[in-house]
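Tertiary structure, described
Chain by chain, the residues run as shown.
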Amino acid sequence: MNKLRSYGLVSIAASLAFFALGLLTHTFEAVPGKIVVSKEVFGSAGGGSSTYKSPILSGNESPTASWVSVEYRYILNGNEHNSRMIGFYLPVNLNMQSLENGQAVTVYLAPFNLVSVLKRGADWRIVLALFGLGICLLIFYEWAIKARRENA
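The following refers to the structure shown. (Residues numbered from 1 in each chain as written. Predicted model: local features only at pLDDT ≥ 70, side-chain atom pairs only at ≥ 80, totals over all residues. Heavy atoms only, no water.)

Some words on the overall build of the chain
- A tally of helices and strands in the chain yields three helices and five strands.
- In the chain, the succession of helices and strands from N to C terminus is α-β-α-β-β-β-β-α.
- Counting all 152 residues of the chain, 34% fall into the buried class.
- Taking the contacts inside the chain whose residues are at least 6 apart along the sequence as the reference set, 72% of them involve residues at least 24 apart.
- Working note: accessible area of the chain is about 10,000 Å², and carbon and sulfur atoms make up 60% of it. (Helix = DSSP H or I, 4+ residues; strand = E, 2+ residues; numbered from the N terminus. Buried < 20%, exposed > 50% of the residue type's maximum accessible area, 1.4 Å probe, protein only. Contact = heavy atoms within 4.5 Å. Areas by Shrake-Rupley, 256 points an atom, 1.4 Å probe, with all protein chains shown as cover.)

Below, the structure is given as structure tokens:
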């Protein structure tokens, strides 16, 4: 039972750490960079149930999800570096400018060249999902402890 509580606390801590890392990217140094390879893949979100038929099953246009894959290059102190990290974001349905191969971009670089990102901040979907999961696990843990005491 203590594992459930630990998982809840770790999930909340992970959401706060993820949020803090996203905030930290606003302190990263801006350096010029160039897109080497940029891909955006669109996929269909199908499926359905008896109460809701997805647009693909009802004959309407299918909703799409886009996945972003980017590789970029930047030069720092005369050395060329490549990276694929967009930022602290899920690569799906990412609200980002369209990137073309060879396009000049601003790369945000952490001190000591530890990590570079193209987009500052953190993905709220990840932060809220981890935080919500942690709260749910803690609520379930408290409910299970209370039920165990009442039945003992």
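More follows now that the structure is in view.
Here's the deal with the pattern of salt bridges
- The final tally for this structure, using the stated rule, is three salt bridges.
- Glutamate 71 serves as the salt-bridge partner of arginine 84, at 3.5 Å between the closest nitrogen and oxygen. Placement of the pair is arginine 84 in the loop between strand E3 (79–83) and strand E4 (104–109) and glutamate 71 in strand E2 (residues 64–76), with a sequence separation of 13 residues.
- You can call arginine 84 exposed: its relative accessible area is 54%. (Salt bridge = Lys/Arg side-chain N within 4 Å of Asp/Glu carboxyl O.)

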